[in-house]
Amino acid sequence: MGAAVNGMTGGDTGGTAGAAGTGAGGTEAAGGGDGGVGTVVLTGATGFIGSHTLRALSALPAGPGRPRVRALVRRLPEGAAALPVEWFHGDVTDPAGLRGLCEGARTLVHLASYIGGDERRCEAVNVDGTRALMAEAARAGVRRVVHLSTAAVYGAGPHRGVAVDEVPAEPVSAASRTRLAGEAYAREAGAVVLRPGIVLGEGDRWVVPGLRELVERVPAEWDGGRALLSVVDVGDLARLIAAIAVGPHEGPPGVYHVGHPDPVRTGDLLARLAAYDVLPPRPSADWPWPRCLERLRATPGRASERQFALVGRDHWYRSDDIWKLTRETPGPGPLARLAGSARWYREHLTALGAAPAESGPA
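Overview of the structure. (Residues numbered from 1 in each chain as written. Predicted model: local features only at pLDDT ≥ 70, side-chain atom pairs only at ≥ 80, totals over all residues. Heavy atoms only, no water.)

1. Structural notes on the overall build of the protein chain
And step 1. Looking only at helices and strands, the protein chain features 10 helices and 16 strands.
And step 2. By residue count, 57% of the 362 residues in the protein chain fall in the buried class.
And step 3. Of the accessible surface of the protein chain, which amounts to about 13,800 Å², a share of 51% is contributed by carbon and sulfur atoms. (Helix = DSSP H or I, 4+ residues; strand = E, 2+ residues; numbered from the N terminus. Buried < 20%, exposed > 50% of the residue type's maximum accessible area, 1.4 Å probe, protein only. Areas by Shrake-Rupley, 256 points an atom, 1.4 Å probe, with all protein chains shown as cover.)

Shown next, in the form of structure tokens:
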């Protein structure tokens, strides 16, 4: 389990490496007018959360509230010519190649990150890359910055109903440590920093595949399924990011948790996924947490004990503030949204077959 994860928490991996610029300023125009909200620069546009955010920005009604989107990419995605996007070829690890990225832009939405286990790569993308992007934004006079981090910066937990920085940040992986370090540069730039927990929806190749492995290795209800988790549907998260980027109520700079305001019980999440035939039927056995850990340790697999704890123990972070400040509705909740992504999950898990889920940092 990895990527949206730092164990199992929010992130995006698109646009972290790239080629030299194409044409003047390294851009390729593909339509899109510049409305009253100006140009929005987007990193991570081809990743899980970034692709949904690009869709949310592009779907805004035509007029003064619809921005021109300039996306930093290492390669053009399929169907790029049909999208109302200005593509900028570049790499966050190449500061010189970022020159001009934010020229004339009003907003920077930085969603790209690296969440693998290579510490040097984590440092290069999540720390040095963020620093370079914030410097380019400052040089160009960008007025609004949105930066995606992760609730994994808080460490092992358990955490129940925690407000922002109510507990100290104690990241345990290279990815979460460097994402916390990258936050510092974003905060210096006056960014709205978002810390999501679990992110679900079409394109999630880590959380639900990871859950599939865990329910097979530990075939019981996990300690009554009572753990409370911060979860958000990727479409709702993308809609919120778009509102912060171009809406009239973006909220003051600072750090915000991002999840649906109502936490999700682990047992309810697994039961809903089973009801949609995404995961196997739920077993009748109910094991206390120590027995669950014993079975996990005795059964080989890619998911670590740390990753198991991220879904089996409390990891709930209060997320009301950002929804209220932006005046966005959080939607019906991530369990209700699974109806729209269940088919995609079934097809994706079928395609994976016997192959184990990708492993993320522990």
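Back to the write-up after that little detour.
2. Thoughts on the side chain of threonine 43
And step 1. Within the element layout of this structure, threonine 43 appears in strand S2 (residues 39–43).
And step 2. Among the polar contacts listed, one links the side chain of threonine 43 to the side chain of histidine 110, at a separation of 2.7 Å.
And step 3. When residues no more than four places from it in sequence are discounted, the contact partners of threonine 43 are Leu72, Leu108, Val109, His110, Leu111, Ala112 and Leu133. (Polar contact = N/O pair within 3.5 Å; in protein donor to acceptor, adjacent residues only side chain to side chain. Contact = heavy atoms within 4.5 Å.)

3. Thoughts on helix H4 (residues 207–217)
And step 1. For H4, the buried fraction is high: 10 of the 11 residues fall into the buried class.
And step 2. Buried residues of H4: Val207, Val208, Pro209, Gly210, Leu211, Arg212, Glu213, Leu214, Val215 and Arg217, and no others.
And step 3. Among the structural elements, strand S9 (198–200), strand S10 (221–222), helix H6 (266–275), helix H7 (289–298), helix H8 (305–312) and helix H10 (334–352) are those in contact with the buried residues of H4.

4. Side note on unusual backbone geometry
And step 1. Following glycine 157, the chain continues to proline 158 via a peptide bond in cis, the omega torsion being 5°.
And step 2. Considering the arrangement of structural elements, one finds proline 158 in the loop between strand S6 (144–148) and strand S7 (159–162).

5. Some thoughts on the nonpolar core
For soluble globular proteins, nonpolar side chains are generally found buried alongside one another.
And step 1. Ranked by size, the top nonpolar core spans 36 residues in total, and within it Ile49, Val109, Leu194, Ile241 and Ile322 carry the most contacts.
And step 2. Looking at this core, the element that brings in the most residues is helix H5 (residues 234–246), giving nine residues.
And step 3. If you look at the next biggest cluster of nonpolar residues, it comprises 33 residues, including Trp222, Leu270, Val278 and Leu338. (Core = buried A, V, L, I, M, F, W, Y, C linked by side-chain atoms within 4.5 Å.)

6. Structural notes on the packing of aromatic side chains
Aromatic ring pairs are defined here through the distance separating the ring centres and the angle between the ring planes.
And step 1. Inspection of the entire model under this criterion finds five aromatic pairs.
And step 2. A ring pair is formed by tryptophan 222 and phenylalanine 308, whose centres lie 4.9 Å apart and whose planes are at 85°; its orientation type is edge-to-face. Taken as a pair, tryptophan 222 in strand S10 and phenylalanine 308 in helix H8 lie far apart in primary sequence, 86 residues in all.
And step 3. Taken together, Trp222, Trp289 and Phe308 form an aromatic cluster joined through their ring pairs.
And step 4. The ring of tyrosine 114 is capped by arginine 121, whose NZ or CZ atom sits 5.9 Å from the centre of that ring. (Phe/Tyr/Trp six-rings, centres within 6.5 Å; stacked < 30°, edge-to-face > 60°. Lys NZ or Arg CZ within 6 Å of the ring centre and 35° of its normal.)

7. Concerning the pattern of salt bridges
Should the charged atoms of two oppositely charged side chains come close, the side chains can pair.
And step 1. What the rule picks out here adds up to 19 salt bridges.
And step 2. Residue glutamate 86 is joined to arginine 70 by a salt bridge in which the shortest nitrogen-to-oxygen separation is 3.2 Å. Of the two residues, glutamate 86 is situated in strand S4 (residues 85–89) and arginine 70 in strand S3 (residues 68–73); the sequence distance between them amounts to 16 residues.
And step 3. The buried category is assigned to arginine 70, whose relative accessible area is 9%. (Salt bridge = Lys/Arg side-chain N within 4 Å of Asp/Glu carboxyl O.)

8. Side note on the layout of surface pockets
And step 1. In this structure, the largest pocket encloses a volume near 390 Å³.
And step 2. In this structure, the largest pocket is lined by 18 residues; those nearest its centre are Thr46, Gly47, Phe48, Ser51 and Arg55.
And step 3. When residues in the lining of the largest pocket are grouped by element, the largest group, five residues, is from helix H1 (residues 48–58).
And step 4. Partitioned by chemical class, the residues of the lining of the largest pocket number eight nonpolar, six polar and four charged. (1 Å grid on protein atoms, 1.4 Å probe; cavity = no way out; pocket = protein on both sides within 12 Å on 5 of 7 lines; lining within 4 Å. Points joined across faces, edges and corners; volume = space filled by probe spheres on them. Nonpolar A, V, L, I, M, F, W, Y, C, P; charged D, E, K, R; others polar.)

9. Here's the deal with the packing of H7 against H8
And step 1. Interhelical geometry of H7 versus H8 gives an angle of 145° and a closest axis separation of 11 Å. For the crossing formed where H7 meets H8, the hand is right-handed. Across from Trp289, Cys292, Leu293, Leu296 and Arg297 in H7, the residues of H8 making contact are Glu305, Phe308, Ala309 and Gly312.
And step 2. Here the contact of H7 with H8 is built from residues that sort into six nonpolar, one polar and two charged. (Axes fitted to C-alpha atoms, helices over the stretch in contact; angles between N-to-C directions. Left-handed = near helix turned anticlockwise from the far one by under 90°.)

10. Description of the packing of helix H2 (residues 119–140) against helix H3 (residues 174–188)
Pairs of packed helices are described in terms of their axes, by the angle between the two and the distance that separates them.
And step 1. Running from N to C, H2 and H3 point in directions that differ by 10°, and their axes come no closer than 9 Å. By the angle between their directions, the pair H2 and H3 is classed as roughly parallel. Residues Glu119, Cys122, Glu123, Asn126, Val127, Thr130, Arg131 and Met134 of H2 pack against Ala174, Ala175, Arg177, Thr178, Arg179, Ala181, Gly182, Tyr185 and Ala186 of H3.
And step 2. Looking at side-chain class alone, the contact of H2 with H3 contains eight nonpolar, four polar and five charged residues. (Parallel < 35°, antiparallel > 145°, perpendicular 65-115°, else oblique.)

11. Examining empty space enclosed by the protein
And step 1. As enumerated under the stated definition, the model contains two cavities of 30 Å³ or more in all.
And step 2. Here the second largest cavity defines a volume of roughly 50 Å³.
And step 3. His110, Ala112, Ser113, Val125, Asn126, Thr130, His147, Leu148, Ser149, Arg179, Gly182 and Glu183 together form the lining of the second largest cavity.
And step 4. Secondary structure elements with two or more residues in the lining of the second largest cavity: H2, S6 and H3.
And step 5. In terms of residue class, the lining of the second largest cavity is built from three nonpolar, seven polar and two charged.

12. Describing the pairing of S6
And step 1. Burial analysis of S6 places five of its five residues in the buried class, which makes it a mostly covered element.
And step 2. Both faces of S6 are covered, namely the face carrying Arg144, Val146 and Leu148 and the face carrying Val145 and His147.
And step 3. When strand S5 (residues 105–110) meets S6, the two strands line up parallel, connected through four bridges. Within S6, the residue paired with valine 109 across the bridge is valine 146.
And step 4. At this point the chain moves from S5, through H2, to the parallel S6, and the crossover so formed is right-handed.
And step 5. Where S6 meets strand S8 (residues 192–196), three bridges bridge the pair, whose relative direction is parallel. (Pairing = 2+ DSSP bridges. Right-handed = clockwise from strand over helix to strand, strands pointing away.)

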